[in-house]
Amino acid sequence: MTEATKQSKLRRYHAARWDEPVIHEMGHPGRRGAVFSQAEEGVRAAVGDAADLIPEAMRRREAPALPEMDEYDVLRHFIHLSQQTLGMMGISLFGTCTMKYNSRLMEGLTARPEVRAVHPHQDEDTMQGTLAMIHGLDRILRALSGMDRFVFQAGGGADAAYTHCCVTRAYHASRGELEQRDEIVTTIQTHPCNAATAATAGFKVVTLMIEENGYPSLDALKAAVSNRTAALMINDPDDMGVYNPEIREWVRIVHEAGGLCFYDHANFNGVMGKLRARELGFDACMYMLHKTFGAPKGNGPAVGAYGCTEALAPFLPSPLVVEDEGRYRLDRDRPQSVGKIREFWGNVPVILKAYAWARAMGEAGIDEASDLSVLANNYMEKGLLAIPGVTKSQPHLTQRRLEMTRYSVGKLQEETGIGIFDIANRMVDFGIDAPWLAHEPWLVPEPFTPEAGELWSKEDIDQWIAVLAEVAREAREEPETVKTAPHNQVVHAFDPAPLEDPDHWAMTWRAWQRKHRKGKHD
Amino acid sequence: MKNRLETAHPYMANSVPAIKEAMLRVIGVAGIEDLFEQIPAEHRLKSPLDLPPALPSENELRRHVLENLRRNETCEENLSFIGGGCWQHHVPAVCDEIAGRAEMMTSVWGTPYSDHGRSQAWFEFASLLGELVGCEVVGQPVYSWGYAAGHAIRMAARLTGRRQVLLPRLIDPERLSVIRNLCEPLEMASHIEIVEIGFNDETGLLDLADLEAKLSDRTAAVYFDCPSHLGLIESRGAEIAALARRHGAETIVGVDPISLGVLAAPPVYGADIVVGPMQPLGIHMNTGGGVGGFIATRDEARYVHEYPTLLISAARTPHDEWAFALSCAHQTSYGLREEGKDWTGNSVNNWAIVNAVYLALMGPEGMREVGELIVQRANYAARRLAGIDGVALRFSGPVFKEFVLDYAGTGKSVAAVNEGLRRHGIFGGRGLGEMGSGFESCALTCVTEIHSQADIDRFAEALVAEAAR
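Residues numbered from 1 in each chain as written. Chains lettered and ligands numbered in written order. Predicted model: local features only at pLDDT ≥ 70, side-chain atom pairs only at ≥ 80, totals over all residues.

*Asks:* Hey, could you run me through the overall build of chain A in this one?
*Replies:* When helices and strands are tallied, chain A shows 16 helices and 12 strands. Radius of gyration (C-alpha) of chain A: 26 Å, near the 24 Å computed for a compact globule of 522 residues. Seen along its three principal axes, the alpha-carbon backbone of chain A occupies a region of about 80 × 65 × 45 Å. When each of the 522 residues of chain A is scored for burial, the buried share is 62%. If you take every contact in chain A between residues at least 6 apart in sequence, the share linking residues at least 24 apart comes to 74%. (Helix = DSSP H or I, 4+ residues; strand = E, 2+ residues; numbered from the N terminus. Rg over C-alpha atoms; globule rule 2.2 N^0.38 Å. Buried ≥ 20, exposed ≤ 12 C-beta atoms within 10 Å, placed from the backbone. Contact = placed C-beta atoms within 7 Å.)

As structure tokens, then:
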């Protein structure tokens, strides 16, 4: 046991357990949670009954079977559900997601009517404040990346990868080479959304496997690129914390073959303020504003900020926010644009939160944050590798990892039969959010990938390590405790396998009622 | 010399020199710089970032953001009739309360145990929306209505093995552009051909003869909106779906869910896949950042196995508790990378929770009332405004909450009319120039439950004044 785990007293956590019914089981006929007045007499006199305004064939005959609840019961039900959600209320070191503090200042300011009660099709003169801040964030991201122009339309990181695929199509089409250039090259350690969006955009995907150094070899890359290569889509570092030092050469080789290079900067936290995508030669990159830039996650609304060079800018989705002598406008007159990636011009509250985060941090703060992220990760490594049965991926790579490291409990599983899913289910008993494991396919057995970032305190990190050490001890000394976990959570363990069976799964209450109503839970 | 923090930063617990030194001691290195040994020196930044001055004090940051925001004008201080994919509806206060709950907002993935409540809320979103749209399967959200339509078209293409979709000529150009990108350009081997269905110039409804002429055994799907982009209630939904079925094509209907307390659920008239926007159900316009989309179908494995979304199923634990977990996750890009169904990622899941809150508050009666109120006030507005000299209704078909005003008779452009209306504190409907020939003088005008008769009358009076200027 390390000094850190000795000092860290485990908390005796227990989740809220309200035994909350499904909402369709609640309410009483006749109760109301929202009422609307009748149309005014003048309106009714002019147009008559609503039913007469709707063609008969299109009228609703049967009322939707929604619950009938009073307002307070609805509020209480969803507050109970939120209390039964751990979120970031414990310690969440969820790797690749860079869990950060989400400033309550910006939650409050983006709840103001100047953001909420604005329609994106209002006259530009009525949105100058918002446009100014969007433009301000564009400028900040240009400084961080070296790119020439950012757009915020994409609704998440994967959507920004897709934006790149659309821009890639338009770029090669403009040169008459799209039919020929039908391949996108990526690596097995690049987020699956890159391969998936490339395929959705119509490209064939060539995936390079990692080799001895922790990344694919230049020879493998050279063999993969050709006059069919449309683009390279890659991250650096990957989510094992390994940085590919040959990345400039990669970019050169792909450029020489006529392809574009996209830097998936989802894992920006360890290198922000340390290097710039453009200076490494990339044509485009993307940042996740709901991760690296301090906006909340909640699995969205999110923003993937996509930036590119001047050469690719004509192909960006429309509109772009541009400044003309202190006035901001939405430029839609862009004939080579790919058009719309998503309706309107982005999840504006998220963009504003990211702008405010970048302003709150400033250059020194951003530099400090990447320092602290890498410091925390290397500090964690000391504590985690001191736990018997825990190893790290590619142990032969001795250089310090960046903001994340991939670990394995494969050895612990061999020794005890307890795998990472059991461990994750037990860790949540201590108020620790289950760790990120790894994308499929797993390259190391029984993986997990914590990321401490700059938010979490040394005490939080110590507690996290102490919990894993305790669960590893239980795996050896009282394995049933781990195998039957969780014990202190909202609900007990269940077998999810039947949820793959069409006769059993139920994605709605209706489906549940049809399939299971006559069962024992009636 | 690097610019360093002068004090610990409120967002960073370890930005205290003594803590950093303690951590470095445990690692056994002299300085943080040693930890960046993987990155070659020539990759490192050579010049400062050149960022605007830092505002670590919340006091100053608040002032700065607020100064910017005050330059905006809102649909609260003005009277707005802008619609077209983003609409001003009443948002119950409870929706805002739950949207802002820290646990929900900060949840990322979690497990069925740690984030049980969030998973239940996701299931309830699907369940409640399922009742409204008449479907037993509802996927977790996608980014927008355009995405929902585009993914549904791609589902239909995979289901039928065909690569053509028929959709209305009068579709929203923004939505069409999203769909076009998802259908891929001609150069791609997997391109899906988009064929437009014409409209009846008088009613604005789909031209069924044109639809029939264009349908063939190459058609994967027929897509149409109800109400349509221009606000019209498509009265022949059953005939459209029957025609599609006759040719082995799927029928995909895009529906505004706030209409479904009074309009038939699309499967009733033959829809196979139902898609639509989430924003009307309790989500603020958010300057366009309130959009989201849903996909719903029958509970048949052949549909379920084509969903690109997360799917949440209910279950029971051996302790007789409700549990909620992912179903069919392996078919997504998380399981299969490029072999997955399109792709899956962060979407707008927090809005799904808000939709659930909204539908729970509304209940069947609330949905009926709001639908009736909208359809009555919109029709009142359409008649009142079209009675103004020089102003006409472009189409005669039945309308739900939006309608097209033609200002041609005023001799003024839509932009000029709207500029005039702004002097009255009114945001007029958006010009439809993007819809092409015949729509240059038209404005899509939106009236919802938030517009009182007095608001509409005020709009009418201002329009009279502006039309005559």
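*Asks:* Please explain the overall build of chain B as it appears in this structure.
*Replies:* If you tally the helices and strands in chain B, you get 14 helices and 15 strands. Structurally, chain B occupies a C-alpha span of about 80 × 55 × 50 Å along its principal axes. The buried share among the 469 residues of chain B stands at 63%. Residue pairs in contact within chain B that sit at least 24 positions apart in sequence constitute 71% of those at least 6 positions apart.

*Asks:* Even after reading the chapter, I still don't get the domain arrangement of chain A, so can you show me in this structure?
*Replies:* When the parts of a complex come together, some accessible area is lost, and that lost area is often taken as the interface size. Split into domains, chain A comes out as domain 1 (25–83) and domain 2 (127–361). Relative placement of domain 1 of chain A and domain 2 of chain A: their C-alpha centres are 44 Å apart. (Domains from an automatic or database assignment.)

*Asks:* Help me understand the interface of chain B and chain A, please; the structure alone is not making it clear to me.
*Replies:* Contacts between the two partners involve 185 residues from chain B, matched on the other side by 178 residues from chain A. For the side of chain B that touches chain A, a count of residues per class yields 88 nonpolar, 57 polar and 40 charged. (Nonpolar A, V, L, I, M, F, W, Y, C, P; charged D, E, K, R; others polar.)

*Asks:* Is there a simple way to explain the sheet that holds strand β6 (residues 250–255) of chain B in this structure?
*Replies:* Strands pair in a sheet through their backbones, by hydrogen bonds, and they do so in one of two ways: parallel or antiparallel. Residues and elements named next belong to chain B. The mixed open sheet is built from seven strands, whose spatial order is β2-β8-β7-β6-β5-β3-β4. The open sheet terminates on both sides in strands that have one partner only, identified here as β2 (137–138) and β4 (193–197). Judged from the six bridges that link them, strand β5 (residues 221–226) and β6 form a sheet pairing that is parallel. In the sheet register, Tyr 223 faces β6, and the bridge partner there is Ile 252. (Pairing = 2+ DSSP bridges.)

*Asks:* Is there a simple way to explain the pairing of strand β4 (residues 229–234) of chain A in this structure?
*Replies:* Along any regular strand the residues' side chains alternate between the sheet's two faces. Residues and elements named next belong to chain A. For β4, the tally of buried residues reaches six of six residues, placing the bulk of the element in the interior. Inspection of the sheet shows strand β2 (residues 183–187) paired to β4 by four bridges, in the parallel sense. Bridge pairing links Val 185 to Leu 232 in β4. Relative to strand β5 (residues 260–264), β4 is paired through four bridges, and the arrangement is parallel. Pairing of Leu 232 across the sheet is with Cys 261, part of β5. Remark: the β4/helix α10 (residues 247–256)/β5 crossover connection has right-handed handedness. (Right-handed = clockwise from strand over helix to strand, strands pointing away.)

*Asks:* How do you make sense of the packing of helix α5 (residues 116–133) of chain B against helix α12 (residues 349–386) of chain B when you look at a structure like this?
*Replies:* All names here are of chain B. The interhelical angle for the contact between α5 and α12, taken along N-to-C directions, is 55°, at an axis separation of 8 Å. Compared by their axis directions, α5 and α12 come out oblique. The hand of the α5/α12 crossing is left-handed. Taking contact as the criterion, the partners of Ala 121, Trp 122, Glu 124, Phe 125, Leu 128, Leu 129 and Leu 132 in α5 are, on α12, Asn 349, Ala 352, Ile 353, Asn 355, Ala 356, Leu 359 and Ala 360. Classifying every residue of the contact of α5 with α12 gives 11 nonpolar, two polar and one charged. (Axes fitted to C-alpha atoms, helices over the stretch in contact; angles between N-to-C directions. Parallel < 35°, antiparallel > 145°, perpendicular 65-115°, else oblique. Left-handed = near helix turned anticlockwise from the far one by under 90°.)

*Asks:* Help me out: how do you make sense of the sheet that holds strand β11 (residues 392–393) of chain B in this one?
*Replies:* Residue and element names in this part refer to chain B. Here we have four strands laid out as an open sheet, ordered β11-β12-β15-β14, and antiparallel in their pairing. Either end of the sheet is taken by a strand with one partner, and the two such strands are β11 and β14 (430–431). Bridge analysis of β14 against strand β15 (residues 442–446) gives two bridges, and the strand direction is antiparallel. Each bridged residue has a counterpart across the sheet, and for Gly 431 the counterpart in β15 is Ala 443. Contacting β11 and β12 (402–406), α12 crosses the sheet at an angle of about 5° to β12.

*Asks:* Please clarify how the confidence of the model for chain B should be interpreted in this entry.
*Replies:* Parts of the prediction with low pLDDT should not have their coordinates interpreted in detail. Mean pLDDT over chain B: 97, with 100% of residues reaching 70 or higher. Reported confidences for the modelled complex are a pTM of 0.98 and an ipTM of 0.98. (pLDDT = per-residue confidence, 0-100.)

*Asks:* Would you mind showing me how to read the nonpolar core here?
*Replies:* Here is a general trend for soluble globular proteins: nonpolar side chains tend to be buried in one another's company. Judged by nonpolar contacts, the single largest core of 342 residues is most densely connected at Ile 351 of chain A together with Ile 153, Ile 252 and Val 357 of chain B. Those residues within four positions of Ile 351 of chain A in sequence are excluded, and the remaining contacts are Ile 134, Leu 137, Phe 152, Leu 289, Val 303 and Gly 346 of chain A. (Core = buried A, V, L, I, M, F, W, Y, C linked by C-beta atoms within 7 Å.)

*Asks:* Got a minute to help me understand helix α11 (residues 348–385) of chain A in this structure?
*Replies:* All names here are of chain A. Counted at 1.5 Å a residue, the expected span for α11 with its 38 residues is 56 Å, but the 42 Å between its end C-alpha atoms falls short. Along α11, the helix axis deviates most sharply at Gly 362, where the bend reaches about 90°. Most of α11 sits out of view: 35 of its 38 residues are buried. (Expected span 1.5 Å × (residues − 1). Bend = angle between axes of the 7 residues up to and from the residue.)

*Asks:* I tried to follow unusual backbone geometry on my own but got confused; where do I start?
*Replies:* Excluding glycine, residues mostly carry a negative phi; peptide bonds, for their part, are mostly trans. Look at the link from Ser 318 of chain A to Pro 319 of chain A: it is a cis peptide, with omega at 0°. Residue placement: Pro 319 of chain A occurs in the loop between β7 (304–308) and β8 (320–324). The omega torsion across Ala 485 of chain A and Pro 486 of chain A is 5°, close enough to zero to call that bond cis. Within the secondary structure, Pro 486 of chain A sits in the loop between α15 (479–483) and α16 (509–516). Unusually for a residue other than glycine, Asn 299 of chain A sits at a positive phi of about 55°. Its 26 C-beta neighbours within 10 Å are what place Asn 299 of chain A among the buried residues. The residue Arg 337 of chain B is not glycine, and still its phi comes out positive at about 50°. The residue Arg 337 of chain B is located in the loop between α11 (333–336) and α12 in this model.

*Asks:* What should I look at first to understand the pairing of strand β9 (residues 312–316) of chain B in this one?
*Replies:* All names here are of chain B. Most of β9 sits inside the fold, with four of its five residues counted as buried. Inspection of the sheet shows β9 paired to strand β10 (residues 322–326) by five bridges, in the antiparallel sense. Within β10, the position partnered with Ser 313 by the bridge is Ala 325. Joining the antiparallel neighbours β9 and β10 is a turn of five residues, in which Asp 320 adopts a positive phi near 65°.

*Asks:* Just checking my understanding: could you explain helix α7 (residues 157–174) of chain A for this structure?
*Replies:* Residue and element names in this part refer to chain A. Between the first and last C-alpha of α7 there are 26 Å, a value that for 18 residues agrees with the 26 Å anticipated at 1.5 Å per step. In terms of burial, α7 is a largely internal element, 16 of the 18 residues being buried. Among the residues trailing α7, Gly 176 stands out with phi positive, at a value near 70°.

*Asks:* Explain the packing of helix α6 (residues 145–160) of chain B against helix α7 (residues 173–183) of chain B to me, please; I cannot follow it from the model alone.
*Replies:* For any two helices packed against each other, the geometry is given by the interaxial angle and the distance between the axes. All names here are of chain B. Between α6 and α7, the least distance of the axes is 8 Å, while the angle of their chain directions is 35°. Pair α6 / α7 crosses with right-handed handedness. Only Glu 174, Arg 175, Val 178, Ile 179, Leu 182 and Cys 183 of α7 make contact with α6, whose side of the interface consists of Trp 145, Gly 146, Tyr 147, Ala 149, Gly 150, His 151, Ile 153 and Arg 154. The class makeup of the residues in the contact of α6 with α7 is eight nonpolar, three polar and three charged.

*Asks:* Honestly, the environment of Ala 230 of chain A in this entry has me stumped. Any pointers?
*Replies:* Residues and elements named next belong to chain A. You can see Ala 230 is positioned in strand β4. For the pair formed by Ala 230 and Leu 260, sequence separation is 30 residues and the distance between their alpha carbons is 6.4 Å. The contacts of Ala 230, once residues within four sequence positions are left out, are Thr 168, His 172, Arg 181, Asp 182, Glu 183, Ile 184, Phe 203 and Gly 259.

*Asks:* Explain the environment of Ala 160 of chain A to me, please; I cannot follow it from the model alone.
*Replies:* Residue and element names in this part refer to chain A. Looking at the secondary structure, you find Ala 160 in helix α7. By C-beta crowding, Ala 160 is classed as buried, having 33 other C-beta atoms within 10 Å. Along the chain, Ala 160 and Met 286 lie 126 residues apart, while their C-alpha atoms are 6.4 Å from each other.

*Asks:* Where do I start with the environment of Ala 15 of chain A in this structure?
*Replies:* Residue and element names in this part refer to chain A. If you trace the backbone, Ala 15 turns up in the loop between α1 (3–7) and α2 (41–47). With 461 residues separating them in the primary sequence, Ala 15 and Arg 476 have C-alpha atoms 25 Å apart. Excluding residues within four positions of it along the chain, Ala 15 makes contact with Gln 84, Leu 86, Asn 488, Gln 489 and Val 490.

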